[in-house]
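For reference, the chains in residue letters:
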Amino acid sequence: MLKTQMTAQQLYEKLKNVKLGSSVCQYSLKKCEELVPLINEINELKEEKNAVILAHSYISPEIIYGVSDFVGDSYKLSRDALATSASTIVFVAVRFMGETAKILNPEKEVLVPAVMDGCSLADSIDAQTVRDLRRRYPQHTFLCYVNTRADVKAECDVTVTSANVYKVAQNVPNDKIYFLPDKFMGQNLKNHMERQGSKKDIQFYSGTCYVHEEYGMDDILKIRLEYPEAKIVSHPECNSTIIDNSDFVGSTEQMLGFMRQTASKQFLMLTECGLSARLQSEFPDKQLVGSCTMCKFMKSNTLGDILRALKAPVERDRVLLDEAIRRRALKTIEAMFLYAEK
Ligand code: 13P
Ligand code: SF4
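Parameters at a glance
- Residues numbered from 1 in each chain as written.
- Chains lettered and ligands numbered in written order.
- Predicted model: local features only at pLDDT ≥ 70, side-chain atom pairs only at ≥ 80, totals over all residues.
- Heavy atoms only, no water.
- Helix = DSSP H or I, 4+ residues; strand = E, 2+ residues; numbered from the N terminus.
- Rg over C-alpha atoms; globule rule 2.2 N^0.38 Å.
- Buried < 20%, exposed > 50% of the residue type's maximum accessible area, 1.4 Å probe, protein only.
- Contact = heavy atoms within 4.5 Å.
- Areas by Shrake-Rupley, 256 points an atom, 1.4 Å probe, with all protein chains shown as cover.
- Lys, Arg positive; Asp, Glu negative; His and termini not counted.
- Charge placed at Lys NZ, Arg CZ, Asp CG, Glu CD.
- Core = buried A, V, L, I, M, F, W, Y, C linked by side-chain atoms within 4.5 Å.
- Disulfide = S-S within 2.5 Å.
- Near = heavy atom within 4 Å.
- Polar contact = N/O pair within 3.5 Å; in protein donor to acceptor, adjacent residues only side chain to side chain.
- Nonpolar A, V, L, I, M, F, W, Y, C, P; charged D, E, K, R; others polar.
- Expected span 1.5 Å × (residues − 1).
- Pairing = 2+ DSSP bridges.
- Axes fitted to C-alpha atoms, helices over the stretch in contact; angles between N-to-C directions.
- Phe/Tyr/Trp six-rings, centres within 6.5 Å; stacked < 30°, edge-to-face > 60°.
- Lys NZ or Arg CZ within 6 Å of the ring centre and 35° of its normal.
- Left-handed = near helix turned anticlockwise from the far one by under 90°.

Describing the overall build of the protein chain
Assigned secondary structure in the protein chain consists of 15 helices and 14 strands. Relative to a compact globule of 342 residues, whose C-alpha radius of gyration would be 20 Å, the protein chain shows 20 Å and is just as compact. A principal-axis box enclosing the C-alpha atoms of the protein chain has dimensions of 60 × 55 × 30 Å. Buried residues in the protein chain amount to 58% of all 342 residues. Pairs at least 24 apart in sequence give 65% of the contacts found in the protein chain among residues at least 6 apart. In the form shown here, the protein chain has an accessible surface area of approximately 14500 Å², with 50% of it arising from carbon and sulfur atoms. Within the protein chain, the 45 negative side-chain charges are centred at a point lying 3 Å from the centre of the 44 positive side-chain charges.

Brief notes about the nonpolar core
Formed by 95 residues in total, the largest nonpolar core has its most connected members in Phe 91, Met 269 and Ile 306. It is helix H15 (residues 323-340) that contributes the most residues to this core, 8 residues altogether. Apart from residues lying up to four places away in sequence, Ile 306 is in contact with Ile 42, Ile 53, Ile 63, Val 67, Val 90, Val 92 and Pro 113.

Quick word on the state of the cysteines
Within the structure shown, the criterion is met by 1 disulfide. Paired through a disulfide, Cys 273 and Cys 292 show a sulfur-sulfur distance of 2.2 Å. When the S-S torsion is 110°, as for the bridge of Cys 273 with Cys 292, the disulfide is right-handed. Placement of Cys 273 in helix H13 (residues 273-282) and of Cys 292 in the loop between strand E14 (287-289) and helix H14 (303-311) is noted, with a sequence separation of 19 residues between them. On the basis of relative accessibility, which here comes to 22%, the residue Cys 292 falls in the partly exposed class. Cys 144 takes part in no disulfide bond, and the closest cysteine sulfur to it belongs to Cys 156, at a distance of 3.9 Å. What makes Cys 144 buried here is its relative accessible area of 0%.

Focus on the site of ligand 1
The immediate surroundings of ligand 1 are formed by 13 residues, with His 56, Ser 74, Ser 162, His 235 and Thr 252 found nearest. One of the side-chain N or O atoms of Tyr 58 is found 3.5 Å from an oxygen atom in ligand 1. Within the side chain of Ser 74, a nitrogen or oxygen atom sits 2.4 Å from an oxygen atom of ligand 1. Burial of ligand 1 by the surrounding chains reaches 96%, relative to a free accessible area of 300 Å². Considering only residue class, the shell around ligand 1 consists of 3 nonpolar, 8 polar and 2 charged.

A word on the site of ligand 2
Looking at ligand 2, the residues that line it are Tyr 58, Cys 119, Ser 120, Leu 121, Asn 147, Cys 209, Tyr 210, Val 211, Glu 237, Cys 295, Phe 297 and Met 298. Per-class residue counts for the shell around ligand 2 are 9 nonpolar, 2 polar and 1 charged.

Structural notes on H15
Taking 1.5 Å per residue as the helical rise, H15 with its 18 residues ought to reach 26 Å, and the 25 Å between its terminal C-alpha atoms agrees with that figure. The backbone nitrogen of Ala 324 has a side-chain oxygen 3.1 Å away, supplied by the residue at the start of H15, namely Asp 322.

Examining the sheet that holds strand E11 (residues 231-234)
Whenever strands of a sheet pair, they do so through backbone hydrogen bonds, lying parallel or antiparallel. Spatially, 4 strands are ordered E12-E11-E13-E14 in an open sheet, and the strand pairing comes out parallel. Here the strands that pair on one side only, and so sit at the sheet edges, are strand E12 (248-249) and E14. Two strands pair when backbone bridges link them, and strand E13 (residues 266-270) and E14 are joined in this way by 3 bridges, in the parallel orientation. Paired with Gln 266 across the bridge in E14 is Gln 287. Sheet contacts for helix H10 (residues 217-226): E11, E13 and E14; angle to E13, the most-contacted strand, approximately 170°.

With respect to the packing of aromatic side chains
Between two aromatic rings, the relevant description is the distance of the centres plus the angle of the planes. Under the definition given, this model contains 7 aromatic pairs. Their ring planes at 10° and their centres at 4.9 Å tell us that Phe 142 and Tyr 178 sit as a pair that is stacked. Placement of the pair is Phe 142 in strand E7 (residues 141-145) and Tyr 178 in strand E9 (residues 176-180), with a sequence separation of 36 residues. There is no split in this pair, since Phe 142 and Tyr 178 are both buried. Relative to Phe 258, the ring of Phe 248 lies with its centre 4.7 Å away and its plane at 10°, an arrangement referred to as stacked. Taken as a pair, Phe 248 in strand E12 and Phe 258 in helix H12 (residues 252-261) lie far apart in primary sequence, 10 residues in all. The exposure class assigned to Phe 258 is buried, which follows from its relative accessible area of 16%. Cluster of aromatic residues (ring-pair linked, three or more members): Tyr 137, Phe 142 and Tyr 178. Positioned over the ring face of Tyr 27 is Lys 31, at 4.5 Å from the centre of the ring. Lys 296 extends its terminal NZ or CZ atom over the ring of Tyr 210, reaching a point 5.3 Å from the ring centre.

Looking at the packing of helix H1 (residues 8-15) against helix H2 (residues 29-48)
Remark: H1 packs on H2, axes separated minimally by 8 Å, with the N-to-C direction vectors making an angle of 115°. The crossing of H1 and H2 is right-handed. Residues Ala 8, Gln 9, Leu 11, Tyr 12 and Leu 15 of H1 pack against Leu 29, Cys 32, Glu 33, Leu 35, Val 36 and Ile 39 of H2. For the contact of H1 with H2, the residue count by class is 9 nonpolar, 1 polar and 1 charged.

That's the geometry; what it means functionally is another story.
Following this line, the structure appears as structure tokens:
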């Protein structure tokens, strides 16, 4: 039995300001009363099984504020996965994030309860394509975005996340870099390096995130007319016109950090809706302007699936990796820690 059970009122205090789109992302006290028994059952089971729940910021708010132990961007969560002493990690996100946790913790059980097993970026490239590219660019250091499968990482040299891509590219001791799979992030990296006076040759692949590629200059122009004081905050998976017209660009965790620090009161968030929900919950004096887009893969995690995965995981909940691939992928993540924290 849990020492302290969460009450519907406590959950409601966290969620009452979240008001996005349809009723799916709006919370009444009654809805919280319905959610709380499931939340307490999960928290109890977590204790019993020595499990922790890591949740990406794009996940539904009732999961973030009801059952998660760690919340953040891909970089922070990979660090959290490395630091935990729990024997089971439930990674409430997309599969490649669970794979990163498993690469770092081969002895732990890693579960990903998401029902939709994908990510448009991770699915845009496979290991054979990387092998072919390496033959075409034999002099280049291959940087792979964390949004790739383990077998793709295994073919690369260094993993990067949105939190450290510029720094890692700068620190890698090679003037020739091939970045994959996101073409917008690749272009943004190239532009950033040029602005810094770097002469590095940056080549990149053609993948996109279906959520971030939706955003265009129209979204910014509309908001600038209606809310001239609003800060434009964007993720580096957006196209370079968006990036050039933003007040701040960074990983999801860095975007929240910017909002925390700035005195501004209005924000247009050009990223997945989960981050907008965190803004509404955690910064009630700040106002979200404009709309956001949902990632169907991230949102395919539910409290019901977390409970199922904790109680009796089925085959597809489990992250299992070929050991040779895991070891090669691990080298690219260790290289990231080295270059990102230099
Ligand atoms: P972050 O690492 O910035 O959270 O990004 C992950 C992601 O999937 C963005 O679409
Ligand atoms: Fe993948 Fe885009 Fe979803 Fe992030 S938002 S998990 S990149 S599909």
